[in-house]
Amino acid sequence: MVTKSISVALMTAWMLGGGISLTSATLSASDSRDTMFTQQSLDNLSIGGVFEALKRDMKYDDGGKTKLEAYNYYGYVGYDFLQWMTIFGTLGACQAKCTEYDTLGSGKVKWSAGLNLKIWHFDLTDPTWLAGRCSIRAMGEYSQYQSGDSETTRLKWQDMYASVTLNYEVFVSHMDNTDAYPYSLLLYVGPAFSKVNGKRETAMQSYDFSEDHSVGIAAGADIFASHNLSIGGQLQYFFDEPTLSASVMYNF
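On a predicted model such as this, the values are computed, not experimentally measured, just so you know.

## Section: the overall build of the chain
Okay, step 1: The number of helices and strands found in the chain is 1 helix and 11 strands.
Okay, step 2: Going from the N terminus to the C terminus, the chain shows its helices and strands as α-β-β-β-β-β-β-β-β-β-β-β.
Okay, step 3: Residues classed as buried in the chain amount to 31% of the 252 residues present.
Okay, step 4: Looking at the chain alone, contacts between residues at least 24 apart form 56% of all its contacts between residues at least 6 apart.

Take a look at the structure:
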């Protein structure tokens, strides 16, 4: 029995030590939780993820019309540079097509950089059943998108976007009760502006396109599961087909 136990132990040690290549690297041990650096706080930082189904009417330089459709998946990082100003960036993938004959191209890079401004707010307390916070916010963003394969159809475009929204946030309990669940519901709507410049390329030809309508409406709703975690849905409508998106955001 002792001999058998020793044999099993030796065989196990041989397998883990490299006698049989089960993995390409040594597994990390469950040892001390101490690290070289310790971050005490990530105040002012926000992270999140967004899925967007984009649909916009476009026009070619020669006057022809087409429809741009894209699925965009990207991460979000924002930093509150000031209490009323947030600088943010996004990075992810884009799959797009520009005619009814195209198929969605292989995913390429989508990235953007922008600015959120909290301009004004007023706390409404009377009547109590309408109690909440009214605010005006503005947002500006520059985005670039790419999709497609070099052998078939390639799409790339840039978008200069801006919006000003009227926001209304109603709280389940009180604004300072951060333990309430859910914490609040935020609704917003306002005018939006979008300027698109893009190019559709095939093996034989190249076409420049731009937006058919540059002025539209931005609206949305965010449910705050807590004071710093939200799940939201957004709508952009430029008087053609709606662009819809869903997001999850966490603020440290």
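There's more to say after this.
## Some thoughts on the nonpolar core
Okay, step 1: Formed by 13 residues in total, the largest nonpolar core has its most connected members in Leu-68, Leu-155, Trp-157 and Phe-209.
Okay, step 2: At the level of elements, strand 1 (45–60), strand 2 (65–82), strand 3 (85–97) and strand 6 (154–171) are the ones that each hand at least two residues to this core.
Okay, step 3: Of all the elements, strand 1 adds the most residues to this core, at 3 residues.
Okay, step 4: With sequence-adjacent residues up to four places away left out, Trp-157 is seen in contact with Leu-68, Ala-70, Cys-94, Ala-96, Ser-143, Gln-144, Tyr-145, Val-196, Asn-197, Gly-198 and Phe-209.

## Digging into the confidence of the model for the chain
Okay, step 1: For the chain, the mean per-residue pLDDT works out to 84, and 82% of the residues sit at or above 70.
Okay, step 2: Low pLDDT (under 50) marks residues 1–16, which in the prediction has 4 contacts with non-local residues, meaning those over four places away or in another chain.

## Considerations on the side chain of Ser-230
Okay, step 1: As for its placement among the helices and strands, Ser-230 is situated in strand 10 (residues 229–237).
Okay, step 2: If we ignore the near neighbours within four places in the chain, the residues touching Ser-230 are Ile-223, Phe-224, Ser-247, Val-248 and Met-249.

## Observations concerning the pairing of strand 1
Okay, step 1: Pairing of strand 1 with strand 2 involves 15 bridges; the strand directions are antiparallel. By the bridge assignment, Lys-55 is partnered in strand 2 with Glu-69.
Okay, step 2: Judged from the 8 bridges that link them, strand 1 and strand 11 (residues 243–251) form a sheet pairing that is antiparallel. Bridge assignment links Gly-49 to a residue of strand 11, and that residue is Val-248.
Okay, step 3: Where strand 1 meets strand 8 (residues 206–211), 3 bridges bridge the pair, whose relative direction is antiparallel. Across the sheet, the residue bridging to Tyr-60 is Phe-209, located in strand 8.

## Re the pattern of salt bridges
Okay, step 1: In the structure shown here, the tally under the stated rule is 8 salt bridges.
Okay, step 2: The partner of Asp-208 in a salt bridge is Lys-199, and the shortest N-O contact between them spans 2.7 Å.
Okay, step 3: Classification of Asp-208 by relative accessible area gives partly exposed; the value is 32%.
Okay, step 4: What emerges from the salt-bridge pattern is a single network uniting Lys-55, Asp-57, Lys-67 and Glu-241.

## So, unusual backbone geometry
Okay, step 1: Here Asp-126 and Pro-127 are connected by a cis peptide whose omega angle stands at 5 degrees.
Okay, step 2: Mapped onto the fold, Pro-127 is located in the loop between strand 4 (107–124) and strand 5 (132–148).
Okay, step 3: A positive phi is found at Asn-44, a non-glycine position, where the angle reads about 80 degrees.
Okay, step 4: Here Asn-44 shows up in the loop between helix 1 (2–19) and strand 1.

## Concerning the side chain of Glu-141
Okay, step 1: Of note, Glu-141 is situated in strand 5.
Okay, step 2: Within the local environment of Glu-141, its side chain forms a polar contact with the side chain of Ser-112, the two groups lying 2.6 Å apart.
Okay, step 3: With sequence-adjacent residues up to four places away left out, Glu-141 is seen in contact with Phe-88, Thr-90, Lys-110, Ser-112, Ala-113, Gly-114, Asp-159, Met-160 and Tyr-161.

## Let's talk about the packing of aromatic side chains
For any two aromatic rings, the description comes down to two numbers: the centre-to-centre distance and the angle of the planes.
Okay, step 1: Using the criterion set out here, one finds 9 aromatic pairs in the structure.
Okay, step 2: Note on Phe-171 and Tyr-183: the rings are 5.5 Å apart at their centroids and 75 degrees apart in plane angle, and the pair reads as edge-to-face. Pair noted here: Phe-171 is in strand 6 and Tyr-183 is in the loop between strand 6 and strand 7 (184–201), with a separation of 12 residues, a long-range link. Of the two residues examined, Phe-171 and Tyr-183, each falls in the buried class.
Okay, step 3: Lying across the ring of Phe-238, Arg-56 places its NZ or CZ 4.0 Å from the centre.
Okay, step 4: Lys-110 extends its terminal NZ or CZ atom over the ring of Tyr-74, reaching a point 3.7 Å from the ring centre.

What counts as what
Residues numbered from 1 in each chain as written. Predicted model: local features only at pLDDT ≥ 70, side-chain atom pairs only at ≥ 80, totals over all residues. Heavy atoms only, no water. Helix = DSSP H or I, 4+ residues; strand = E, 2+ residues; numbered from the N terminus. Buried < 20%, exposed > 50% of the residue type's maximum accessible area, 1.4 Å probe, protein only. Contact = heavy atoms within 4.5 Å. Core = buried A, V, L, I, M, F, W, Y, C linked by side-chain atoms within 4.5 Å. pLDDT = per-residue confidence, 0-100. Pairing = 2+ DSSP bridges. Salt bridge = Lys/Arg side-chain N within 4 Å of Asp/Glu carboxyl O. Polar contact = N/O pair within 3.5 Å; in protein donor to acceptor, adjacent residues only side chain to side chain. Phe/Tyr/Trp six-rings, centres within 6.5 Å; stacked < 30°, edge-to-face > 60°. Lys NZ or Arg CZ within 6 Å of the ring centre and 35° of its normal.

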